[in-house]
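# Descriptive structure summary
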Amino acid sequence: MPPLLDVRNLTTHIRTGRGTVRAVQDVSFTLEAGETLGLVGESGCGKSMTGLSLLGLLPPGGTLVEGSSVRLDGRELVGLPDRELRTVRGNDIAMVFQDPMTSLDPTKTIGHQVAEPVLLHRGVSRAAARERAVEVLGLVGLPQPRRRLSDYPHQLSGGQRQRALIAMALANEPRVLIADEPTTALDVTIQAQILALLADLRARLGMAMILITHDMGVTAGNTDRVNVMYAGRIAESTGTDRLFSRMRHPYTQRLLASVPRLTQDPALLLPTIPGLPPDLADPPTGCRFADRCPYATARCRAEEPQLDGTAEHRFACWHPVDGPAPAEIGGKVADAVAGAATGGGEGAAATTGLAEGPAAAGTVVRPRAPEPAAAAAPLLEARGLVREYPLRGSWLPGRDRRVVHAVSDVSFTLARGETFGLVGESGCGKTTLGRLLVGLDRPDAGAVTLEGTDIGTLRGGELRRRRRDLQMVFQDPFSSLDPRMRVSAVLREPLRIQGIGTAREQRARVAELMAEVGLPERGLDLFPHEFSGGQRQRVGLARALALTPKVIVADEPVSALDVSVRAQVLNLMKRLQAAHGLSYVVISHDLAVVRHLADRIGVMYLGRLVEVGTAAEVHRRPAHPYTAGLLAAVPVPDPAQERAKRGAGIGGELPDPAAPPSGCRFRTRCPLAQERCAREEPALRSFGPGHTAACHFPLVAPAADSPSDVAAGRP
Amino acid sequence: MTAYLLRRTGQAIVVVIGVMVLTFALIHLAPGSAARATLGTKATAERIAVFNAANGLNRPLAAQFATFVKQAAEGNFGTSYSLHEPVSTLIAQRLPRDAVLLGLSTLLALLVALPMGVYQAVRRGRAGDHMLTVLSFVLYSMPDFFFGLLLVALFSVQLHLLPSQAPQAQSVGGVLADPKALVLPVVTLALVSLASFSRYMRSSAIGVLAQDHVLVARAKGLPEHLVLRRHVLRNALLPVITVLGLAAPAIVTGAVIAESVFNYPGMGLLFYQAATSKDYPILLASTLVVGVATVLGSLLADIAYTLLDPRIRYDRG
Ligand SMILES: Nc1ncnc2c1ncn2[C@@H]1O[C@H](COP(=O)(O)OP(=O)(O)OP(=O)(O)O)[C@@H](O)[C@H]1O
Ligand code: SF4
Ligand code: SF4
Ligand SMILES: [Mg+2]
């Protein structure tokens, strides 16, 4: 019997203005019913294009090159007339896309969109198609599916939209489901729910699934076999367990090593892959990974390795490795500090030819977070911060004055040289809090003090001077910038506004900043769009550093970046902190990133800080059920661990912040909730030095109740 | 949604009042007087005084404005200085005729421009798109009157297919009863708007085609014509509607040309003559009509937008 899906020598070329992009090259794999195949790799490596090629959905200018073959149950799909191919799409092979916010037609109801493929392929009546829509919407766990039929996409949350999209794909019980980054745009808690749903449906319907993702943690827990793709080719292909424990391709090894983990030693730098993937319009001869590979030899640059090996483990490499890289491969943070002064960089980047990543050598020791005694005089302090936004239209007469409780009574301190991490689901008020901290927004109550001065009371020149000490770094620093401004102007702007130095001094400072963040001076003449994402974030950091601030608030500093580039930027942030004694407030939805950077962690839920503690404590002994749930939901790149916890995590979605639940705000999703939780709002209690949480029924005993909190049980 | 529409209508009324104040002020502050324009430069001081007194022009501006507003509310715009007829009669004769001409030509322009814009977006960068782009720019850059004359020369003078004059009937029914004579003026005006409408539609459709939900629709197995009709057209129309609402004044100026070329006395010609002879009552009234048309245009556009876009329909409670 032929395999369900048999793909051979799939090669996709896209003709563009800058030449032919070889998006997919010679990709072959098979897929059996009930099996999940992972397609992983960095951005632009051809994962999506492989999925789209299977359905014949190529972008303008795209063609499948002679020799490509896609067989579904023995039937060749390549070369089928469009009319016949359309009977396969959405019927035998269906696809779910990354962004639930843009994947639904905003002008059509959910019911219409889910019923559409049923109507199209099954030739049933409108009423029958609607019934089927209700059925599948129920199947994917959308509450009250019948009522949702007449809703429009904007009335659904992101998680609900993704459920609707999955329902749409499943409506005709396809045999193959291609899920292209189905959870990348979602919160970890919702991600865990959607992944569990997909696994469940696959088992129940006996579907085969291709799971496209860049997240090694998601891959670990949700696939049976994995194809690692690099620059349009399969680099390695084997069973999931084997890939994580006994990989042979250097790219797989380095990709895995650069993922920040919850268990990582924060004193170590993350191993990085220098540079960027090659331009697919002009791929190098020889191995495509050679420019970034630590093991490359002359043979690698001359001769392209073919995918080879046994049937269960294939890889394309002349000098295969044997298993994972050692953890210390990245080097120590402390050692990297002086490296910046001597300059230099490893590898060459593809797009702009700029060097990425600082070299490492030297022995400046990082000024560690101060002892608790010094914390008595914090650098930055938030006291009882409250920020509420009135809902639109609520000023009209005859309407309730409704407000969104973005930040409710948040207090914490930040010591000199310390990093405070803020985590929580999207919409929990992290960004609003960040803006309050740097004075971009004013609190409705409470105060932010910097070295004892309330920044809310400052005016004019004094305020401007104090602002220097508080800088912010954004997810993509250039989205808020004039695209016609050169980097030199971008970096000089803060100096000019503050009137610091002569023109010559400013230019010198700008050059210094570029070296500081590991960019060559040549980059000063470039425009923002000429930089890669990682380089842009470096410029963002340089801009924040220009005024030698004391505190940098970084809002999702690496969320927009690929794994390997993310590691480079995280390392840079650590090095800058060590070199300048900076204090950071790092805001991220990614617990692993926060764990890696932060000394202390604050967990936010619906505007409230529900738990604060040292990173190690919060990770090892979470007291609040929400913290524990968040930690459980983070996918870790370890197949055994991931499979063990399937189904764990937090159910439900973030409630409406304009109408938070009474008592404990988390109670609607809390597995431990009791009647008291609805009645009484829990106060913050101590769980040991510097560790507080607000819960009536915490997972560990509070400090006051138990003399030996070390003995308290873990969840 | 009802509350939103009421609020929006309230806004529109305020804008119309603003337009009245502004035009009244502008016209009365402009140099040269109505009396001299009407009576000629040799008029004696007494004759001017008599004229001003008869027409209330010697009263304070505020008083004149108050009278104007009060009368306008009653549908009384005074008597034309030069044509010696009530302005309301003049407008009542011409406005409906213009509405027919402008309505038909705008409709025709849309019927062609919307599919044309989508077609160009789909075939972006290929021969069909390039040809239509060139055509649009030619249409756009050609003066309207030249265009009208060209069509007349071809279809009535050369081929004797169509009359060179627009229907001369006074009533709307009469105008519509002579469809052959309507063809050239309607087509001329339509071609002028066609160029800009199709450009807007093209760029808007290109944006929609790049959106994920279009790919999703294709992945469902929908044939391309259904993808375009169900998931592209309506989404692409949304930004175009706003532009349409603001196009009202441009359409009205286009009318001036078509009216003179095809000898179709409408508001455009009336306004033009009034402007040269400083016929205040007509100027005020017709400025008001154009102002109201513009405000109404953008109000209608907003209402259409609200109906077509569920995001707004539900948000603006
Ligand atoms: N419409 C297009 N026209 C031209 N080139 C394209 C187009 N879409 C993708 N490409 C190119 O094809 C290659 C593969 O892209 P693809 O989208 O498959 O990557 P990916 O692995 O899915 O990346 P990501 O993780 O960012 O989604 C890239 O070099 C990309 O630049
Ligand atoms: S073939 Fe050479 S360059 Fe390519 S991955 Fe293997 S060792 Fe590295
Ligand atoms: S207070 Fe109650 S509802 Fe809230 S987290 Fe604790 S147990 Fe759960
Ligand atoms: Mg992709």
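Computed from a prediction, not measured in an experiment: that's the story for all the values here.

## Description of the UniProt feature "domain: ABC transmembrane type-1" (unreviewed entry) in chain B
The UniProt entry lists residues 95-301 of chain B under the feature "domain: ABC transmembrane type-1" (unreviewed entry), expressed in the numbering used here. Taken as a whole, residues 95-301 of chain B contains 83% helix and 0% strand, while its terminal C-alpha atoms sit 21 Å from one another.

## Focus: the state of the cysteines
All names here are of chain A. Evaluated as defined, the whole model comprises 0 disulfides over all chains. Distance from the sulfur of cysteine 428, which forms no disulfide, to the nearest cysteine sulfur (cysteine 664) is 14 Å. With relative accessibility at 1%, the residue cysteine 428 sits in the buried group.

## Looking at the site of ligand 1
Residue and element names in this part refer to chain A. Near ligand 1 there are 15 residues, and of these Ser43, Gly44, Lys47, Ser48 and Met49 occur at the shortest range. The backbone of glycine 46 places a nitrogen or oxygen atom 3.0 Å from an oxygen atom of ligand 1. A distance of 2.7 Å is found between an oxygen atom of ligand 1 and a backbone nitrogen or oxygen belonging to methionine 49. Elements supplying a minimum of two residues to the shell around ligand 1: β1 (5-16), β2 (19-31) and α1 (47-54). Residue contributions to the shell around ligand 1 peak at 3 residues, all from α1.

## Digging into the packing of helix α5 (residues 87-122) of chain B against helix α12 (residues 248-261) of chain B
Residue and element names in this part refer to chain B. As a packed pair, α5 and α12 sit with axes 11 Å apart at the nearest point and diverge in direction by 110°. The pairing of α5 with α12 is recorded here as roughly perpendicular in orientation. Where α5 crosses over α12, the two elements pack in a sense that is right-handed. For the pair formed by α5 and α12, the contact residues are Asp98, Leu102 and Thr106 on the first element and Ile251, Val252, Ala255 and Glu259 on the second.

## Some words on the interface of chain A and chain B
Tallying the contact residues gives 30 residues for chain A and 23 residues for chain B. Carbon and sulfur atoms make up 60% of the surface buried where chain A meets chain B, a total of about 2,400 Å² over both sides. Area buried by chain A at its contact with chain B is led by Thr107, Glu116 and His154 of chain A, which between them contribute 22% of it. Across the pair lysine 220 of chain B and glutamate 116 of chain A runs a salt bridge whose closest N-O atoms are separated by 2.7 Å. Put simply, chain A and chain B have 12 residue pairs in polar contact (both at pLDDT 80 or more) between them. Elements with a contribution of two residues or more to the side of chain A that touches chain B: α3 (110-122) and α6 (158-170) of chain A. Counting residues per element, the side of chain A that touches chain B draws most heavily on α3 of chain A, at 6 residues. Residue composition of the side of chain A that touches chain B, by class: 13 nonpolar, 9 polar and 8 charged.

## A short note on the UniProt feature "transmembrane region" (unreviewed entry) in chain B
All names here are of chain B. In the numbering used here, UniProt assigns the "transmembrane region" (unreviewed entry) feature to residues 12-30, 99-122, 134-161, 181-201, 236-262 and 282-308. For residues 99-122, the end-to-end C-alpha separation is 34 Å, with 100% helix and 0% strand making up the annotated structure. Counted over residues 282-308, helix gives 100% and strand 0%. Its end C-alpha atoms are 38 Å apart.

## Examining empty space enclosed by the protein
Empty space among the atoms becomes visible once a probe the size of a water molecule is rolled across them. Inspection of every chain in the model, using the stated rule, returns 6 cavities of 30 Å³ or more. Counted as a void, the largest cavity has a volume near 90 Å³. If you go around the largest cavity, the residues you meet are Gly90, Ala94, Met95, Leu165, Met168 and Ala169 of chain A together with Val216, Ala219 and Lys220 of chain B. The greatest single-element share of the lining of the largest cavity, amounting to 3 residues, is contributed by α6 of chain A. The residue makeup of the lining of the largest cavity, split by class, is 7 nonpolar, 1 polar and 1 charged.

How each quantity is defined
- Residues numbered from 1 in each chain as written.
- Chains lettered and ligands numbered in written order.
- Predicted model: local features only at pLDDT ≥ 70, side-chain atom pairs only at ≥ 80, totals over all residues.
- Heavy atoms only, no water.
- UniProt positions renumbered as here; feature names shortened; annotations may be inferred.
- Helix = DSSP H or I, 4+ residues; strand = E, 2+ residues; numbered from the N terminus.
- Disulfide = S-S within 2.5 Å.
- Buried < 20%, exposed > 50% of the residue type's maximum accessible area, 1.4 Å probe, protein only.
- Near = heavy atom within 4 Å.
- Polar contact = N/O pair within 3.5 Å; in protein donor to acceptor, adjacent residues only side chain to side chain.
- Axes fitted to C-alpha atoms, helices over the stretch in contact; angles between N-to-C directions.
- Parallel < 35°, antiparallel > 145°, perpendicular 65-115°, else oblique.
- Left-handed = near helix turned anticlockwise from the far one by under 90°.
- Contact = heavy atoms within 4.5 Å.
- Buried area = accessible area lost by both parts, 1.4 Å probe.
- Salt bridge = Lys/Arg side-chain N within 4 Å of Asp/Glu carboxyl O.
- Nonpolar A, V, L, I, M, F, W, Y, C, P; charged D, E, K, R; others polar.
- 1 Å grid on protein atoms, 1.4 Å probe; cavity = no way out; pocket = protein on both sides within 12 Å on 5 of 7 lines; lining within 4 Å.
- Points joined across faces, edges and corners; volume = space filled by probe spheres on them.

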